[in-house]
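Commentary on secondary and tertiary structure
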Amino acid sequence: MDLQAWRLAAASALGTSHWKTGAPCQDAHAWALLGEDPVLVLVAADGAGSASRSDSGAQLATAELLDSVRGFLNDGNELSALTRETAQAWIRNVVARISHRADQDGMAVREYACTLLAAIVSPDHACFLQIGDGAMVVRPRGDDWAYIFWPQHGEFINQTVFVTDPAAIDNVEFSSQAGPIDEVAAFTDGIEALVLHYASQTVHGPFFDRMFQAVRALPMGGIDQELSEKLDQYLSSPVVCERTDDDKTLILASRLPPYQPTALSAEAP
C-alpha cells in the first residue's frame with residue numbers, strides 16, 4: 001500500500017450547556033509528529049464540569065503528557081520499549097504540573113480535574129494510554145473499526161476517573177501493540193453517544209468512514225487548519241448539539257491515500 005504522510009484534522013468545540021452559562025470550553029487537545037520517521041502523538045483531555053479550573057487542568061494535562069512523550073523519544077527510546085510503568089510516571093508528571101499551578105493559584109488540586117487519553121503511533125508500533133472516559137478508535141489494516149479501551153464510567157454514565165483522583169495511577173489503561181496502524185481517532189465523552197454503541201460495546205463504523213474521507217483527501221502532511229475549522233463547525237452544528245450539550249473534542253489522523261474525496265458530512269449517526 002502506498003502510504004502517505006500523516007494528515008490531521010482536530011477541534012475542541014464548546015458545548016451548548018457551557019455556552020448558555022458563559023463557561024469556557026473545558027476540553028483540550030494536542031498533537032505532534034516527532035522524529036525523522038515521525039511518530040504520531042494525539043492527546044485529548046476533558047475537564048470535569050464540577051471543577052472550577054478544569055479548563056486549565058485539561059490544557060496543562062495535554063501539554064505535559066505531550067512533553068513527556070517527546071522527552072521519551074528524544075532520549076533515544078523506541079516506542080516498543082514503552083511500558084505501563086513509564087506511562088504511570090507520565091501521569092505523575094501531569095499531576096505534578098497541575099499541583100504546581102494549583103499552588104500558584106491558591107486552589108485545591110481537585111479544581112483542575114480532567115480525563116486524559118493519548119495515542120502514540122510509529123510506523124510499526126502503537127501505544128495507547130487513558131484515564132477516564134472518552135475513547136480512541138483505530139482501523140487496523142484490512143480490518144473494521146475498533147476501540148482501544150472502553151470509556152471508564154462508574155455506576156452512572158456521567159461518572160468517571162480523573163487524573164487528579166488519588167486512584168488515578170492505578171486506573172491507567174495501557175496498551176502496546178506491534179504492527180501498522182494507518183488511521184486513528186481520539187475523542188472526549190461529548191460525542192461518545194454518537195460514535196459508540198453502549199449496549200453492544202461496538203464502534204459506529206459508518207461515522208468514521210464518512211469523517212475520514214476528507215482527511216484522506218488532504219494534499220499535505222500535518223494538520224490542516226481549514227479542515228479543522230470545518231470539523232469545529234460540524235461539532236458545533238445543530239445536528240450534533242441536538243444529541244449532546246457537552247464540550248466535544250475529535251482528532252482524526254490518517255496516512256492512507258484518498259478515496260472518493262468529499263467534504264465533512266454534517267449528518268450524525
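This text follows the structure it describes.
Here we summarise the structure given alongside this text. Note that this is a predicted model, so its numbers are computed, not measured. (Residues numbered from 1 in each chain as written. Predicted model: local features only at pLDDT ≥ 70, side-chain atom pairs only at ≥ 80, totals over all residues. Heavy atoms only, no water.)

Looking now at the pairing of strand β9 (residues 181-187). Among the seven residues in β9, seven count as buried, and that is most of the element. Pairing analysis gives five bridges linking strand β6 (residues 135-140) to β9, with the strands arranged antiparallel. Along β9, the bridge assignment pairs Met136 with Ala186. In this sheet, strand β13 (residues 248-254) lies alongside β9 in antiparallel orientation, the contact comprising five bridges. Pairing of Ala186 across the sheet is with Ile251, part of β13. (Buried < 20%, exposed > 50% of the residue type's maximum accessible area, 1.4 Å probe, protein only. Helix = DSSP H or I, 4+ residues; strand = E, 2+ residues; numbered from the N terminus. Pairing = 2+ DSSP bridges.)

The mixed open sheet is built from six strands, whose spatial order is β7-β6-β9-β13-β1-β12. The sheet is open, and its two edges are formed by β7 (146-147) and β12 (222-223), each paired on a single side. Examined bridge by bridge, β6 and β7 share two bridges and lie antiparallel to one another. Counted as the bridge partner of Val137 is Tyr147 from β7. Lying over the sheet, helix α5 (residues 205-216) contacts β1 (7-13), β6, β9 and β13, oriented at roughly 60° with respect to β13. Sheet contacts for helix α6 (residues 225-235): β1, β12 and β13; angle to β1, the most-contacted strand, approximately 35°. (Contact = heavy atoms within 4.5 Å. Axes fitted to C-alpha atoms, helices over the stretch in contact; angles between N-to-C directions.)

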